[in-house]
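Residue-level structural notes
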Amino acid sequence: MKKLMYVAVCILALGLTACGSDDDGGNCRECSLIGIPISVCDNGDGTVTVSGAGESESVTLDEGTTFEEYADEVCAGTITLGL
């Protein structure tokens, strides 16, 4: 009976610790622009935060522009950043 209780406790402990959250706090895209690492993160409210070279700025997306489109443009260098 002790062995059965030990196994049950181990299974319970494994189940509680193995099921971590996949939520990393947001959707971010990492890229490099002219050798500077850039991070573009979706804030989930129609704004994005662009970080690089120790600077950070918040940008409101234009109507109809998705996070993926904006991040692609930033990583391609087609958007001028104020960093």
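Before reading further, recall that the structure is shown in the block above.
Worth saying up front: this structure is predicted, and the values here are computed from it rather than measured.

So, on to the overall build of the protein. Of the regular secondary structure elements, the protein holds two helices and four strands. Each helix (α) and strand (β) of the protein, taken in turn from the N terminus, gives the series α-β-β-β-β-α. In the protein, buried positions account for 22% of the 83 residues. Contacts in the protein between residues at least 24 apart in sequence constitute 33% of all its contacts with a sequence separation of at least 6. As displayed, the protein offers around 6,100 Å² of accessible surface, 57% of which is attributable to carbon and sulfur atoms.

A few words on the sheet that holds strand β2 (residues 36-42). Taken together, four strands build an open sheet; the order of strands is β1-β2-β3-β4 and the sheet is antiparallel. Strands with a single pairing partner mark the edges of an open sheet, and in this sheet they are β1 (27-33) and β4 (55-60). Taking each pair of neighbouring strands and ignoring which way they run, the sheet shows an average axis angle of 20°. Relative to strand β3 (residues 47-52), β2 runs antiparallel, the two sharing five bridges. Each bridged residue has a counterpart across the sheet, and for V40 the counterpart in β3 is V50.

This part covers unusual backbone geometry. The phi angle of most residues is negative, glycine excepted, and most peptide bonds adopt the trans form. At I34, a residue that is not glycine, the phi angle is positive and equals roughly 55°. For I34, the location among the structural elements is in the loop between β1 and β2. The backbone of A53 shows a phi angle near 55°, a positive value even though the residue is not glycine. By the element assignment, A53 lies in the loop between β3 and β4.

A word on the environment of V48. Positionally, V48 belongs in strand β3. Using a relative accessible area of 0% as the deciding quantity, one classes V48 as buried. C-alpha of V48 to C-alpha of V59: the two residues are 11 residues apart in sequence and 5.3 Å apart in space. Residue contacts for V48: discarding those within four places in its chain leaves V40, C41, D42, N43, E57, S58, V59, L61, F67 and Y70.

This brings us to the pairing of β3. Here β2 folds back onto β3, and the loop between the two strands holds four residues, one of which, G44, carries a positive phi near 80°. Pairing geometry for β3 and β4, over six bridges, is antiparallel. Bridge assignment links T47 to a residue of β4, and that residue is T60. Counting the residues between successive antiparallel strands, the hairpin from β3 to β4 contains two residues, one of them, A53, with a positive phi of roughly 55°.

What counts and what doesn't
Residues numbered from 1 in each chain as written. Predicted model: local features only at pLDDT ≥ 70, side-chain atom pairs only at ≥ 80, totals over all residues. Heavy atoms only, no water. Helix = DSSP H or I, 4+ residues; strand = E, 2+ residues; numbered from the N terminus. Buried < 20%, exposed > 50% of the residue type's maximum accessible area, 1.4 Å probe, protein only. Contact = heavy atoms within 4.5 Å. Areas by Shrake-Rupley, 256 points an atom, 1.4 Å probe, with all protein chains shown as cover. Pairing = 2+ DSSP bridges. Axes fitted to C-alpha atoms, helices over the stretch in contact; angles between N-to-C directions.

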